[in-house]
Structures are given as C-alpha cells and as structure tokens.
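Summary of structural features
The primary structure of each chain is shown beneath.
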Amino acid sequence: MSRLLELWQSTGIVQITLPQLLMILIGLLLLYLAIKKGFEPLLLIPIGFGGILSNIPGVDIAVGDGILHQFYVMGLETGVFPLLIFMGVGAMTDFGPLLANPKTLLLGAAAQFGIFSTLLGALFLTDIGWFNFTLQQASAIGIIGGADGPTAIYVAGILAPEMLGAIAVAAYSYMALVPLIQPPIMRALTSEDERKITMTQLRAVSQTEKIVFPLLLLILVALVVPSATPLLGMFCFGNLMKECGVVSRLSDTAQNALINIVTILLGLSVGSKLGADQFLVASTLGILLLGMLAFSIGTASGVLMAKLMNVFSSNKINPLIGSAGVSAVPMAARVSNKVGLEADPHNFLLMHAMGPNVAGVIGSAVAAGVLLQFAGG
Amino acid sequence: MSRLLELWQSTGIVQITLPQLLMILIGLLLLYLAIKKGFEPLLLIPIGFGGILSNIPGVDIAVGDGILHQFYVMGLETGVFPLLIFMGVGAMTDFGPLLANPKTLLLGAAAQFGIFSTLLGALFLTDIGWFNFTLQQASAIGIIGGADGPTAIYVAGILAPEMLGAIAVAAYSYMALVPLIQPPIMRALTSEDERKITMTQLRAVSQTEKIVFPLLLLILVALVVPSATPLLGMFCFGNLMKECGVVSRLSDTAQNALINIVTILLGLSVGSKLGADQFLVASTLGILLLGMLAFSIGTASGVLMAKLMNVFSSNKINPLIGSAGVSAVPMAARVSNKVGLEADPHNFLLMHAMGPNVAGVIGSAVAAGVLLQFAGG
Amino acid sequence: MSRLLELWQSTGIVQITLPQLLMILIGLLLLYLAIKKGFEPLLLIPIGFGGILSNIPGVDIAVGDGILHQFYVMGLETGVFPLLIFMGVGAMTDFGPLLANPKTLLLGAAAQFGIFSTLLGALFLTDIGWFNFTLQQASAIGIIGGADGPTAIYVAGILAPEMLGAIAVAAYSYMALVPLIQPPIMRALTSEDERKITMTQLRAVSQTEKIVFPLLLLILVALVVPSATPLLGMFCFGNLMKECGVVSRLSDTAQNALINIVTILLGLSVGSKLGADQFLVASTLGILLLGMLAFSIGTASGVLMAKLMNVFSSNKINPLIGSAGVSAVPMAARVSNKVGLEADPHNFLLMHAMGPNVAGVIGSAVAAGVLLQFAGG
Amino acid sequence: MNNLLSQGFELALFGMGTVFVFLAVLIIATKAMSSLVLRFEPAVSVASAATVAQDAALSDRGHLLAVISAAIAQHRTTKK
Amino acid sequence: MNNLLSQGFELALFGMGTVFVFLAVLIIATKAMSSLVLRFEPAVSVASAATVAQDAALSDRGHLLAVISAAIAQHRTTKK
Amino acid sequence: MNNLLSQGFELALFGMGTVFVFLAVLIIATKAMSSLVLRFEPAVSVASAATVAQDAALSDRGHLLAVISAAIAQHRTTKK
Ligand code: NA
Ligand code: NA
Ligand code: NA
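Residues numbered from 1 in each chain as written. Chains lettered and ligands numbered in written order. Predicted model: local features only at pLDDT ≥ 70, side-chain atom pairs only at ≥ 80, totals over all residues. Heavy atoms only, no water.

**Overview of the coordination of the sodium ion (ligand 2)**
Residue and element names in this part refer to chain B. Definition in use: Each metal's donors are the N, O and S atoms within 2.8 Å of it, or within 3.2 Å when it is Na, K or Ca, and because water is not part of the set, sites may look incomplete. In this text, helices come from DSSP runs of H or I with a minimum length of four residues, and strands from runs of E with a minimum of two, each type numbered from the N-terminal end. Partly exposed describes any residue whose relative accessible area lies between the buried limit of under 20% and the exposed limit of over 50%, with all areas from a 1.4 Å probe on protein chains only and scaled to the type maximum.
At 2.1 to 3.0 Å from the sodium ion (ligand 2) lie its protein donor atoms, namely Gly146 (O), Val326 (O), Ser327 (OG), Gly360 (O) and Ser364 (OG). Donor residues for the sodium ion (ligand 2) sit on one chain with the sequence pattern G-x179-V-S-x32-G-x3-S. Of this pair, serine 327 sits in the loop between α20 (282-312) and α21 (331-343) while glycine 360 sits in helix α22 (residues 350-375), and the two are 33 residues apart along the sequence. There is no split in this pair, since serine 327 and glycine 360 are both buried.

**As for the confidence of the model for chain D**
All names here are of chain D. Stated formally: The pLDDT value tells you how sure the predictor is about a given residue, anywhere from 0 up to 100. When checking whether two residues touch, look at their non-hydrogen atoms; a contact exists if any pair is within 4.5 Å.
Scored by pLDDT, chain D has a mean of 70; 50% of the residues are at 70 or more. Note that pLDDT drops below 50 for residues 43-61; the model gives that stretch 13 contacts with residues more than four away or on any other chain. Across the assembled chains, the prediction reports ipTM 0.90 with pTM 0.92.

**Notes on the packing of helix α5 (residues 67-76) of chain B against helix α18 (residues 257-271) of chain B**
All names here are of chain B. Our working definition: Geometry is summarised by axes, namely lines fitted to C-alpha atoms with helices restricted to the contacting stretch, and by angles between N-to-C directions that run from 0 to 180 degrees. Orientation labels follow simple angle bins: below 35 degrees gives roughly parallel, above 145 gives roughly antiparallel, 65 to 115 gives roughly perpendicular, and whatever is left gives oblique. Helix crossings fall into two classes, left-handed where the near helix is turned counterclockwise from the far one by less than a right angle and right-handed where it is turned clockwise. All amino acids are sorted into three groups, where Ala, Val, Leu, Ile, Met, Phe, Trp, Tyr, Cys and Pro are nonpolar, Asp, Glu, Lys and Arg are charged, and the leftover types, Gly among them, are polar.
Orientation of α5 relative to α18, taken along the N-to-C sense of each, is 115°, at an axis distance of 8 Å. The orientation of α5 with respect to α18, classified from their angle, is roughly perpendicular. For α5 against α18, the interelement crossing comes out left-handed. On α18, the residues touching Leu68, Phe71, Tyr72 and Leu76 of α5 are Leu265, Leu266, Leu268, Ser269 and Val270. For the contact of α5 with α18, a count of residues per class yields eight nonpolar, one polar and no charged.

**Describing the environment of serine 364 of chain C**
Residue and element names in this part refer to chain C. Assignment of secondary structure puts serine 364 in helix α22 (residues 350-375). Overall, serine 364 belongs to the buried group, its relative accessible area being 1%. Separated by 354 residues in the primary sequence, serine 364 and serine 10 place their C-alpha atoms 47 Å from one another. Here serine 364 is in contact with Gln112, Ile115, Ile143, Gly146, Asp148, Thr151 and Ser327, once residues within four sequence places are set aside.

**Description of helix α12 (residues 164-189) of chain A**
All names here are of chain A. Condition: Expected helix span is given by 1.5 Å per residue-to-residue step, counting one fewer step than there are residues. Consider a residue and the seven residues that end there alongside the seven that start there; fitting an axis to each set, the bend is the angle between those axes.
Helix length check: α12 (26 residues) gives 33 Å between terminal C-alpha atoms against 38 Å at 1.5 Å per residue, more than 12% under. The largest bend along α12 measures about 65° and falls at leucine 177, with the proline proline 179 one to four residues further on. The buried fraction of α12 amounts to 21 of the 26 residues, a majority that puts the element mostly inside the structure.

Spelled out as structure tokens, the structure:
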C-alpha cells in the first residue's frame, strides 16, 4: 500500500508545479506558432518540444543523465552544433549577388548597429536598476539583433548559457516576425520616391570569383578578427565545398543529412534550457523586449545607411534593401522585395536585397567575434 | 627467434578458446538467419557481426578502447541510440488506424501481460533455485515480451546491461519468429466463427487529429507515467515531425540517414555484449526460454482481451487483431491479416490490426516506464 | 585607449608568424591542387582548409576547446573516423574480380614491400644521422606505401600522432600522383611483349561467393592477424552489408550520408595537425621523400611479382596489373589499363587490375596490423 | 513466498494496472480530442490559412508576449 | 648495425612474411570456398527461397536454441 | 556613468568600428579580387583543363615539394 502511494506520488499530476505547467503551455504555443503560423518551424518545433520535455516533473530529461542534457553537453557546451549548422548554411549560401555589388556589404555592416545599441540598452536597464545584466549577458542579448540563429546560439552558449533558451526563442520568433516588424519601419524612414528607385541589373559572376571569395573572406577574418574565425571559418568552408564543384557529395551531405541531424539535436538541446526555473525569470521579459528593439534598430540603421550612401554616390540604391542587412536570410530580402513592389509593381528588388542579406550574416559573425573577444574568457 | 614465437603466439589460432569459437559460430548463425531467412536483418546483421568481432582473441574490440566498446559507451550506456531509433520509428508510425478506433488501445494494454507474467516467471525460476535473477534482471527479461527492439534495449541497458546481448538477440529473434509463434495460439483460442468476424471500415482521420495526438499522448505520459517520458517523448517528437507537415526535411532525415546510422552503431554496440563470458552463461538459456513465454502469453492475452471486449460491446471486433497488440510492428499485424484470410478469404484485417499494433508500442513503453521507476536506480 | 591597443594586438596581422603564414600558403596550395588539378579533393579540401584554420593566430581552433581539436579527439584519437570510413569503403568495394582470379591476391601482397622497405629506409636515415625517427614513426611513414588513406591515418594516429598531418598529406598527394609516379616504373620493368599479354575473361561470380568472402576474410584475419581486425573487420562488415542484399538502406547510408559526414570531420581533424610547429619540421621533408619511395617500390614490387608468377604459371598475367597492388583504388587500376592500352589498343586490363587493386587494400591492412602489433603499445 | 517474489507480484499488479489505466485514459482523451477537433476542423479549413496568416501572426505575437509575461508574473508570485 | 635497425629488419621480415602467408592462405581458402559454393549454388537457386522459408525458419529456431544450449553446456564444462 | 556602462560604450564603439572597417576592407579586397580574376578568367577557360592537366600536375608536384621545402628551411632559419 505504501508502494501504491509511492507510485501515485511518482506521477506527474502530483509533482507538477504551476511554473512547469506554464512552460508546457509556452512550449505548446511555440509548436502552434511553428505549425499553424509558419514561425521558423525547423527550429521552433524541436525547441518547443524540447521545452515541454524539460518541464515534465519526476524524470530527468534536461538535467543530469537525461538525453536532452546529454545533447546539450555534447553540442552546445562545445559549440559543435551551431558551427556545423553554420557550415551547412555556408554550403547553401550564394555569394553571387554580393560579388556583383560589393558595396552592399556596408548595409550588412550598418544593420549590426542593432546589436550594439541593444547591448547598451541592456546595460542602461541595469544602470537604472530594472534588470541586472552583466556585460556578458548584455552582449548575448545584443546578438539577437544579428538576426542569425546559429550565431546567436553560439555566442549565448559561451557568454550566457543560463539565458540560452530565452535568447534562442527570441531570435527565432523575431526572425519569423520580420514580415511584421520591418515594413512599418521601412516605410517610415523612406519617401515614396526612394522606394521607387530601380537598380541596375547585377552583372554575371564567374565561378572562380565564387571559389576565391570564401578564401579571401577567411584570410581577412584571420588577419582582422581572429575571434570570429570559428563561425566564419566553418561558414566559408561550407561555401567553398559548394562552389568548388569537385566535392558535391560532401556539399550535398552538409546541406541535407548533416544539417538536418544537427538541427534536430540542436533544437532539442536549446529546448533543454527552457526549464521553468531558468526561463520564468524577469530577465526573460527584458530579453524579449530588447530583442525586439535590436531587430527594429538594425532595420532602421540598414535603411538609413542606404540613404547615406546615396548622398555620396551617383549610382543610387533603393534604401529598402538596407533592411535586409539584418540577415534573417532569406525572409528579410523577401520583405524588401515586397515593400518595393507596393511602391512600384514592376520593381523587383529580391536579387539586389540578397547582397546585403548575406552581408548581414558576415557582419553579425564579425560582431560576434568582437563580443567574444571583449566579453568572453 | 623469441620475437617469432611471440608473433605466433599473437595469432588468433593459438589464443582462441572454445567458448569464443562457439560464439563466432553463433554470430555466423545469426547472420545466416538474417540473410537467408529474413530474420530482422537490419538489426541482426550488425548484432551478429559485432558478436563475431567481440570474440576475436588478441585484440580489444569490445572492451577498453576498442571501437565497439566506444560505440557502446557512447550510445547504449547513455541511452542515446535506442531513443534516437525510437524517434525515427515515431516518424515512421501512422496513428490513423488507432485514431479511427481508439478502443483497440485496450488490446495493446492486454498484450503487455506477457511482460509482467514473464517477470514473475523469472522470479519463480529464481525462487525454485534454477536461476538467480534479481528484480532488475527479471524486469529486463520481461520487457522482451514488449516485442519492441529499442524499448527492450533501452530498458536492458539500464536495468541489466550484463544481459543486454542475450535480451536483444532474444527480442529480435522472436520478433522474426512471430509468424511461427502466434498462429497456433491464435487458432487455439478462437472459434472459426470468431475468426470470420468482419469489422466496419475505419473512418477517415483529419490531419489535425494526427498532429494533436502525439501531443496529447505526451501530456498524458507526463502526468501519469513520467518515467516513460524519454521513450514516449522521443517517439511522439518523431511522430509530430512527420504529421505536422512543415518540417519534412527533418522528418525525412529522422526516418532515413539518422535512423540508419544509429541502427548500424546500435547493432554493433549490442554485438559488443555478445562476448563468450557474458553470453555463454546459464541465464542466457533462461532468457531464451522466458522470452518465448513472454511472446506467447502476450499473444494469448491480446486475443482473450478482444474476446472479453466482445462480451460487453455490440460492435464486435475480430479477436485475431488482439495478437497484434504485442507490437512487433508490422509483422504481428500481417499475421493477424493472414490468419484471418485463412478463415475468410475476403476479410482483410490488416488496417484494423495496425491500431492494436501501434497501441502495443505505447503499452510496452508505459510498462517500461513502470519497470524503470520500480526496479531502477 | 589601452583597450584599443589591446584590440589591435588581438588582430591576426600583429600576431601572425612567418611559419603560420607559410602553412596558410601550403593550405591554399593544397586547395588549389584539389580544386584545379583534381588531387583527391574529397580529402584534400577538408584537410587543406583545416590546415589554414589551424594556423590562424589569436584563436584556438586546433588546440584546447577549439572545434577542430574536438573533432580530432572525438574521431582520430579514438580511431572512430578512419574505421567508419573503412566500413563505407567496404560497402563500396566489389570483390568480384578478385574472386574470379584469387591468385592476384599475391600481387596485393608483393606491393606491400613498399611499406616495409620504406620503414627500413626511415631507420637507415636515422642510423646515418639525417633524421631521428623512432620505430613507431618509421612504421607510420612506411604505411604511406599502403596507398590507402584511412589505413594510413588509422596507423599514424596510433603510432605517431605528431606526424599525422604530414603523413596524411603525403599519402593523399601521392595517391593523386599515381598517374605520374607509376607509368615510368611500369614501362622500365616490362618489355613491350609483356605489356601486350592479353588475359582470359573473368568468370562470373555468384552472389553467395560474394556474401561468404567477407566472412571468410574476417575469420582468417581473426585467426592469423588479430591486430588487423579493427580495420578489416569494419571493412568486411561494410562489404557484407552491401553484398547480402537485405539491408540496402544501411548499406546506402554507409556509402553516402555516413561516409560523407565522417569524411568532412576526418579531413578537418587531420587539418588540425597541420599547425606550423608540427608540420614545419625537418622530418616532414623525410616523410615526403620516403613516401614517394614507398609508392615507387610498391609499384615496382607489384610488377616484378607478376613477372615472377608468370615464370611458374602457364596462365600468364599481364605484369602491368601488378602495379595496381599498391591500392590507390581505383586510380592504380586505371593506370594499369591506360599503360596497357598504349601497348595494345584492344587490350582492356581494367577489370583484371581491380583484383590486385582491392587485394592491395587487404594487404596493407594486414601490414598495418603487423606494424601495430610489433611497434604499438 | 519470499520477499523477491512478493515484490514481483506487487510490480506486476501495479504495472498492469498502470498500463490499463493509462491506455483507458488515453482512449477517453483521444475520443474527446477527436470530437473536439472534428467540430472545429471544417471552420478552420474554410478560412484559408494564407489569407488570415498575417493578422493572425500579429495577434499571436501579442499572445506570445502576453502568455510569457503572465507566466513570469505568476511564477514570481508563487515563489514569494 | 644498431639495435633499432635490426629491429626494423626483423619487423620487415616478419611483416612481409605475414602478408604473404596471409594472402596465400586466403587464396587457398577462397578457391576452396568458391568451389564449395559453386557446387551447392544450383540446388539452392532451384528450391525457391520463398516456398521453403517457413519450414526452414521453424527448424532453424530449433537449431538456434540447440546450438546455443550446446555452446553453454560446453562452456560450463570447460570452466570447471 | 558607471563602469559597466562605460565598458559597454567602449565595446559598442570598437564593435561597430571593427564591423565597418572589416566590411570596408572586404569591399576593397573583393573588388580587387574580382578585377584580377576577370582579367585571367578568359585565358583559363580557353586552355582546356583536361588537356593540360597532366603536365600541370607534374610541375605542381615539384611546386608542392619546393614550397614545403622552402617553408621548412625558412622556419628552421627563423627559429635559430
Ligand atoms: Na546579421
Ligand atoms: Na509492445
Ligand atoms: Na595497399
């Protein structure tokens, strides 16, 4: 009979706490948004499901010998998962539009202002006593503004692992919300005439340029920001495998089986950081708030940089492609295209926006390198 | 010259022991059965080959730094391999027939009686002094009656790793023998009229039902049997990836590259537990004997439960689908269909038997959770 | 301001040393040869890129917690990566031509003379004071003559990990150079008449022979050279999966997703041993020199063995297929075919050369076993 | 009957009990879920997902923030 | 000749010896295996695998149990 | 302004500076690379890769050895 009582007490009904129940509801909400609303489902389904698993009482899944904790230790504490994903993303990236119009790299630079202003915002909120973020935590929050999932997870895993869950959820949620966040800002900062600017067609790019570019990028990273090398090194490696044309079987695997496997494991690992005790804290609200700020500022500074470049250059660029500099590949580029079509139904900006879009990936990886160098170790 | 002697003494001819030779023959027999007789080749080929490798003298393959031991430590001691396989099985499972006729879940419950009566049988044989099984070992033997490979390996890896080899060999061998074990029992327990019962066609099931079901199952597991969450959680996760329709690249990888890689490594890991010293012990005979008992009792109780349900319900079910409740997906369902066709060549039971078949997977995972909770750490 | 100086000092421009710069150039050269000249790109692209990453100053990539070092520890220190690649190679190997003409196994034996004479060469150079190789290091250098990448990496990883980078680079470079190294030696050692010898068509081979052969090979290895079991065991396992015909999904994965993933990780791991301090040492020159010697002697002894066999047998073999005994599958067999066609445009030797070619894989794995047994731990 | 065997009986009893209770509850829950889903399913399929996506996503964002905020507030209250 | 070099000669000698012996044995074994297989192959291919599978499997099960039982018995005997 | 906030300003300043400097340098380097490549590209595509492969590979081998030898020599010199 005592054994029966023991068994009853081992059930989840008895053990579950309200915070755990709330987290399970949040996990279900993430799944709902991913499945029904198309919110970055490749990541938010494993993250949401992992989050539910992590809040089930009476069994160790996200701690100790639990499988999600093992995945976390194996792939996130080591940085292996985000770096392998970055390699796969590199193998899927086409630098052609960027090579055809290299000055759009500046748009990818400007959009990183979202990262650093958010970092300052986090420290300001600490200064006025609303929150209590360290420099490491503020940096990890800022990187949400990079609008790049693996970069955010890599940086947060090193600088503020205790916030990894909230940061990843914010990063992917806002990436999914780019079609809602960006257009009002883009319209507010541009005139009707600016939105109608048509751009000259991009020149063709040779295969050799595409092969040399990742190596050139790697060498520059090595010389200027070594701390960004793990991220950009794996990214360039993936891109080289794709462009060189002689290892297509490796490139295919990096883009498919390998990135899919790692995505499943990475998502579950991130989900393991959605335990109620880690997620249901005041700082999560700050992260959500500041993450939204980061996306908005990044968008605005990309657009404004495009307008600034037009002051100095006769070859005008449509400022709507500036917002694509935040990354969120390829969503942000599609948004540029869509808002452009509203102003002029014959003005297709998609290819032009792909340049700043991938530039934003490089830009936020460089910013990540600086953050790791400055605030890390 | 002494060196030459040393080299000669390093050869396997000199070092091999009779038990090792016998185990190599058993490994070859498993390969023969897998290749020529179609005995669960996906698992028994890696297990059989791993078993041969583990009994080669003069080189460490299944111990120490040997590669099979490394696989074992990496994937079986941690539980990662069986859980990833369970995820892949989830991504291959269609709960449609179960959703169309939920009461067949009771058949999947009844068949688990094989697990617990075998557990009692093991303890009885200990009581009368024939064997010397602990409660943990008896539980691990009982789980063979679950007729579900990854569940058996997961439970045995935790409760009785020293018996893992024999339990896995028994589980997969008897799963392969389901077409021989089940029909006589099914015929003995049913009348000709019962075997001719035709069932109403299953209703169509909506996609939303299929998406919600794995989440419903997960929540119930969390509330009622948390200790079954690792198994059923990964299973439901795989199934959700399949049914939600928005992450088909993850679902495809879980069903193909990932499950195949893990199957190879899992099979070799299990093979590493087929060393002569661990396998050629009296308890292995007990395991083989009790495993057969478990399958037989599970089959019988599934059939009898179907007959019992017919007593209380006007909507008769054909008792032949009860035997499918042991799992052994999809073999047991095919056996139900085949025996049914013998009685009435126009009565196709396959789809009706798929319901209890997948119910049996759930049932034995729940039983596994209870065993782990009660007998584990 | 001091912080600015610190940041400047963290850049690669300030920290890079001349040796690191040279190694980066060597890495770029390897990439150039792989991409533009087709030098074994599947391995040399990851190795070359990994080599560049390993020589970037100011960031730990190939040491400590760096990702390449993690890959190295995970897969090369343990031997897991080369063994999994060997399994995949086994799943791609067709023993048919060997089974049709088993006496070509002797050619695969003779070509291993390259391994042992190079080992002696390394010890001789040590004896006369030019270099300072241990028996372990000499063995690891010798294995370059096996002309088999994973075998060389496996052996070097155990016997001389400090030389792994140079040995792998030498092995793959010379494998790529087989079409240049072998023909002059083949022509020098054979007469025009010998090169024109036509061989009888190979008999058909039954599927059962193909299934039994890997098991026969495994048993013989177990009995005669247990220390070669990890290599040949995984090789035979891959081959059995392919030939048995009942686990084609496992065989496909072993030949595709799995071997591709492991190739990427193995290449990067090997690249992590291309740090300037380890690679830019005098012994690297010795390795390159001796590696070339190994290939040349292996080629010569294969050809000479074929001529010797012709003395004793009435069923003449074309000595040009002897050179294929070094392995370098399938390049060396193609070279035999090409040189044969020069002498007689109607004499196709390709299928005949595939026998010694795969025999060479077995032969060098056996040689590796002896080296590990004799010189290892 | 020794202690081990009695433990075994207890385990068998509770085990089969749990399996049956669990699957019985699952039957009821599944039937309830199905009838609930099938009541709403037609409505969902009439309103095209594509046309309502944007507004829905907008309100969902608010929903997400609202739920998380409420959850955190709740949690902080219960901890005190 | 120093010790290292003499060790090298010994290793080279035994190494090449092992390689040749191994591959020579493999030639003989392969030829024997092939002639054995080719003698039985036709018989196997005549009797369709499908038709004999069930009976065969049945007797195989007995075979498996018999082999394992004999193996265990043997092992227990040798251990004493 | 406390120390943390001032650190933050420093980091933001250096961070944005590094990002801009890096991407500006990358623009220049990319343009230089492209113009260089586009100058040589036609020449490369005229001489078929296949026909020159063998000779090229031969000279490359020498090139590889030469570069590595030079590198080692250089390294040994600098170490002394
Ligand atoms: Na970005
Ligand atoms: Na079951
Ligand atoms: Na070889």
